[in-house]
Amino acid sequence: MTDISATAPLDPARLPFEPLMQRNAVISEAPWVRRTLIGVAILFLAGFLLLPLLSVFAAALGKGLGAYFASFNSADTQSAIRLTLIAAGIAVPANLVFGLCAAWAITKFEFRGKQFLITLIDLPFSVSPVVAGLIYILIFGAQGWAGPWFSAHDIKVVFAVPGIVLATIFVTFPFIARELIPLMQELGTDDEQAALSLGASGWQTFWHVTLPNVKWGLLYGVLLCNARAMGEFGAVSVVSGHIRGLTNTMPLHIEILYNDYQFVPAFAVASLLALLALVTLAAKSVLEWRFADQLAATRRH
Amino acid sequence: MNITIRDVHKHYGGFHALRGIDLDIASGELLALLGPSGSGKTTLLRAIAGLEPLAQGRILFGDTDATALSVQQRKVGFVFQQYALFKHMTVADNIAFGLKVRARKLRPNDAAIKQRVDELLELVQLDGLDRRYPAQLSGGQKQRVALARALAIEPRVLLLDEPFGALDAKVRKDLRRWLRKLHRETGYTTIFVTHDQEEALELADRVVVMNKGQIEQVGTTDEVYDFPKTPFVFDFLGTPNVLPGIVRDGRVYLDGSTQPIDSGAHYPSGLVDIYARPNDFRVVDANVPGLDAQVLETQRTGQRIRLTLSINSGETLEIDLPHLDAELKVWQTGETIRVRPANFSVFARTGAKHSSAPDPLPDESIPGSGISHTVAEHRARGRN
């Protein structure tokens, strides 16, 4: 009885501010259990995520700032950075358009095979990136279905930039579509119908109503898509052919440098990718914090 | 603009949502589409707007056939149940949307648009809120913005889907009155959908009662309330008592009673169900034809008294009487009184009619009273 009166709130208005654990003995654990669980979680994160990340920067800066910046002077490194930017620069806008189209088709229309299309969009998530790369070799490679036609017309797809872009698009395809589909499903079609009933054309409706409604979800998807596009290794590795200065993206270049025992340049480029990850994470957190209500909490990758 | 609807059908997969709707809507009329969920009322409204393609049938706006017109071409003002305001636009931009998206030749200039928006804001009594965003408005204010946005395009007809569904009771009442006034002032042909009979009766000139994709009855509010054509309409516009009876020689007898309860109208002979609303019963003297009943329960709420009665045949009966003054006699449990339905409708007891009635109300049997058989149960049995 005394226990209850000690924990019972005197002022009901204060109730929401009290930590749930202290108020509700049923769901709380003994203090030592709580501390152990929290401690394990922190140690795990520190050991498996934070420490490697720090070691990347430590190794990159191990021989001083001069050596760090000097490693970006190599022509091969610069070409790898350029190629990564090109691949992401093509893959992200392409997936932006494809993702919007797919999300639009799935959420705004009823048609046969819709469920199949949703499954298909998820395919790149479930297929190993190496397989994704091999698919393009099978299609566009010298022995592939379309390979002879392309080589007859002097177009190089595999072991060239187009192949890298294609593989990147394949792997990053779901990010934007998956971001938009739940959001657009939740929004429904009332806004669009209202716009149409007010006399707007389909394009005006898309531009003035649909796009503003999904813009934060779209930006979020673009961020995730971009991070993956720049970091993709497996699929790109298969189609690239590893030609230095020509078909090496940053992740591939890092591996080559590392295998050549060039640790400082390898980790310097790696630190650039890690920085990108951190920037993406920060931007994602800001978006989530700022527009939590517009980003449905149903999808995490 | 008067609207003519002829033989309209709509299917959703295997579901027949509209089964041959014929309806004439006069210009300037305020019409309610009333019915339970799944009755097709919203589908019909959306069909008029052009938001639902039709499998069969024609919809005419005045003399022009609108069936093949797109939603943009129909120029209807549609107000959605959840308002569908554009969240990223201010109130003024929302209202101006329909004017701004017009082709360059037809678009009024910016000054004219602004003037129109100001007029509409004044009309819906939202002056000064033009720079707010929808998230900063109350439900009732959002509703009025949606209305102003629909009116901006000077629609041929104003269509409202459950206009008060998302509002609380007080706002709903005020807004109803206000909408009635707005309709009087602007004179737009207005059709609204509701499942609330009170709303339909209070607001509309005429009511269309719908059930299972068909129109049960069309009439003025008085007609549908006082002369329901089908048991469904009677049931939907209140919770009636249903008493088993029989018609002999054109006169209506309650089961187990030798005195007819009506001598006026002439009915075809046969087994019937007698439908009477709780407030249509009168307590009468012993020498007047009526029903002897035992009071099972009395419950007074303010100026009304609700009596639960048991009649000779074992049925229970709910009646609702005015409580005029404090000195008036209050009936006690166990007392025997004689009641008479002052107004009632008689429907032949056949399978077809009954299947159109909505599902029976939850069982209201009174614990401890020994009465297990309620009106609702009786009705369910009578259908089989």
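These numbers come from a predicted model, not from an experiment. (Residues numbered from 1 in each chain as written. Chains lettered and ligands numbered in written order. Predicted model: local features only at pLDDT ≥ 70, side-chain atom pairs only at ≥ 80, totals over all residues. Heavy atoms only, no water.)

### Brief notes about the interface of chain B and chain A
Piece 1. With 19 residues of chain B at the interface, the matching set in chain A holds 18 residues.
Piece 2. In total, chain B and chain A occlude about 1,600 Å² of area from one another, counting both sides; carbon and sulfur atoms represent 62% of this.
Piece 3. Considering only the surface of chain B that becomes buried against chain A, Gln-72, His-88 and Val-101 of chain B emerge as the three largest contributors, covering 31% of it.
Piece 4. Taken together, the links from chain B to chain A amount to 1 salt bridge.
Piece 5. We note a salt bridge from Lys-87 of chain B to Asp-191 of chain A, for which the minimum N-O separation is 3.7 Å.
Piece 6. On the surface where chain B and chain A come into contact, there are 4 residue pairs in polar contact (both at pLDDT 80 or more). (Contact = heavy atoms within 4.5 Å. Buried area = accessible area lost by both parts, 1.4 Å probe. Salt bridge = Lys/Arg side-chain N within 4 Å of Asp/Glu carboxyl O. Polar contact = N/O pair within 3.5 Å; in protein donor to acceptor, adjacent residues only side chain to side chain.)

### Quick notes on the sheet that holds strand β2 (residues 15–25) of chain B
All names here are of chain B.
Piece 1. Taken in spatial order, the 4 strands make up an open sheet running β2-β1-β4-β5, and their pairing is antiparallel. The open sheet has two edge strands, β2 and β5 (64–65), and neither has a second partner.
Piece 2. Pairing of strand β1 (residues 3–12) with strand β4 (residues 56–61) involves 5 bridges; the strand directions are antiparallel. Note on β4: the bridge partner recorded for Arg-6 is Arg-58. (Pairing = 2+ DSSP bridges. Helix = DSSP H or I, 4+ residues; strand = E, 2+ residues; numbered from the N terminus.)

### Observations regarding the nonpolar core
Residues and elements named next belong to chain B.
Piece 1. Membership of the largest hydrophobic core comes to 46 residues, with the highest contact counts inside it found for Ile-95, Leu-147, Leu-179 and Val-207.
Piece 2. In terms of residue count, the dominant contributor to this core is helix α5 (residues 139–152) (7 residues).
Piece 3. With sequence-adjacent residues up to four places away left out, Leu-147 is seen in contact with Val-79, Leu-158, Leu-160, Trp-178, Leu-179 and Leu-182. (Core = buried A, V, L, I, M, F, W, Y, C linked by side-chain atoms within 4.5 Å. Buried < 20%, exposed > 50% of the residue type's maximum accessible area, 1.4 Å probe, protein only.)

### Describing helix α1 (residues 41–49) of chain B
Residues and elements named next belong to chain B.
Piece 1. Where burial is concerned, most of α1 is hidden: 8 out of the 9 residues are buried.
Piece 2. Buried residues of α1: Lys-41, Thr-43, Leu-44, Leu-45, Arg-46, Ala-47, Ile-48 and Ala-49, and no others.
Piece 3. Of the residues trailing α1, Gly-50 is marked for its positive phi of about 90°.

### Structural notes on the pairing of strand β9 (residues 206–211) of chain B
If a strand is regular, its side chains alternate between the two faces of the sheet.
All names here are of chain B.
Piece 1. Among the 6 residues of β9, 5 are classified as buried, and the element is accordingly described as predominantly covered.
Piece 2. Here strand β3 (residues 30–34) runs beside β9; their pairing, made up of 4 bridges, is parallel. Each residue of the ladder has a partner; that of Leu-31, found in β9, is Arg-206.
Piece 3. As paired strands, β9 and strand β10 (residues 214–220) are joined by 6 bridges and run antiparallel to one another. Bridge pairing links Val-208 to Val-218 in β10.
Piece 4. Linking two consecutive strands that pair antiparallel, namely β9 and β10, is a turn of 2 residues; a positive phi of about 50° is found at Lys-212 within it.

### Some thoughts on the packing of helix α10 (residues 190–197) of chain A against helix α11 (residues 202–231) of chain A
Residue and element names in this part refer to chain A.
Piece 1. α11 packs onto α10 with a crossing angle of 145° between their chain directions and a minimal axis gap of 10 Å. Here the hand of the crossing between α10 and α11 comes out right-handed. Taken together, the residues of α11 that come into contact with α10 (itself represented by Asp-191, Glu-192, Ala-195 and Leu-196) are Gly-202, Thr-205, Val-209, Thr-210 and Asn-213. (Axes fitted to C-alpha atoms, helices over the stretch in contact; angles between N-to-C directions. Left-handed = near helix turned anticlockwise from the far one by under 90°.)

### Structural notes on the confidence of the model for chain A
All names here are of chain A.
Piece 1. Summarising the model, chain A shows a mean pLDDT of 84, and 88% of its residues fall at 70 or more.
Piece 2. Averaged pLDDT values over the elements of chain A bottom out at 43 in helix α1 (residues 2–7) and peak at 93 in α10.
Piece 3. Under a pLDDT of 50 for its full length, residues 1–16 has, in the predicted model, 6 contacts with residues more than four places off or in other chains.
Piece 4. Contacts for the low-pLDDT stretch residues 296–301, under 50 throughout, to residues beyond four places or in other chains number 12 contacts. (pLDDT = per-residue confidence, 0-100.)

### A closer look at a nonpolar patch on the surface
Piece 1. Together, Phe-44, Leu-45, Phe-48 and Leu-49 of chain A give the surface a local cluster of nonpolar side chains, amounting to about 460 Å² of exposed area.
Piece 2. Structurally, Phe-44 of chain A can be placed in helix α3 (residues 31–60). (Patch = residues over 30% accessible without salt bridge, like charges linked within 9 Å, V, L, I, M, F, W, Y side chains within 5 Å. Areas by Shrake-Rupley, 256 points an atom, 1.4 Å probe, with all protein chains shown as cover.)

### Quick notes on helix α4 (residues 110–123) of chain B
Residue and element names in this part refer to chain B.
Piece 1. If you check α4, its first and last C-alpha atoms are 20 Å apart, about what 14 residues at 1.5 Å a residue would give, namely 20 Å.
Piece 2. The complete set of buried residues in α4 reads Ile-113, Arg-116, Val-117, Leu-120 and Leu-121. Buried residues in α4, looked at end-on, bunch into an arc of 135°, giving them a common side. Of the residues in α4, the exposed ones pointing more than 90 degrees away from the buried face are Ala-111, Lys-114, Gln-115 and Glu-122.
Piece 3. Residues of α4 that are buried sit in contact with α3 (91–100) and α5. (Expected span 1.5 Å × (residues − 1). Arc of directions from axis to C-beta.)

### A look at the domain arrangement of chain A
Residue and element names in this part refer to chain A.
Piece 1. Taken as a whole, chain A is organised into domain 1 (7–60) and domain 2 (72–300).
Piece 2. Considering only the side of domain 1, the residues that lose the most area to domain 2 are Val-56, Phe-57 and Ala-60, jointly responsible for 68% of the buried surface there.
Piece 3. Inspection of the domain 1/domain 2 interface yields 0 salt bridges.
Piece 4. Split into classes, the residues belonging to the side of domain 1 that touches domain 2 amount to 5 nonpolar, no polar and no charged. (Domains from an automatic or database assignment. Nonpolar A, V, L, I, M, F, W, Y, C, P; charged D, E, K, R; others polar.)

### Looking at the side chain of Thr-43 of chain B
Residue and element names in this part refer to chain B.
Piece 1. Along the polypeptide, Thr-43 turns up in helix α1.
Piece 2. With relative accessibility at 12%, the residue Thr-43 sits in the buried group.
Piece 3. With residues near it in sequence (within four places) discarded, Thr-43 still touches Lys-10, Tyr-12, Ala-17, Leu-18 and Glu-52.

### Examining the packing of aromatic side chains
Residues and elements named next belong to chain A.
Piece 1. All told, the structure shown has 20 aromatic pairs over all chains when counted by the stated rule.
Piece 2. Where Tyr-258 meets Phe-267, the ring centres are 6.4 Å apart and the plane angle is 90°; that geometry is what we call edge-to-face.
Piece 3. Overall, the relative accessible area of 22% leaves Phe-267 in the partly exposed class.
Piece 4. Counting every residue linked through ring pairs, the aromatic cluster contains Tyr-136, Phe-140, Trp-149, Phe-150 and Phe-170. (Phe/Tyr/Trp six-rings, centres within 6.5 Å; stacked < 30°, edge-to-face > 60°.)

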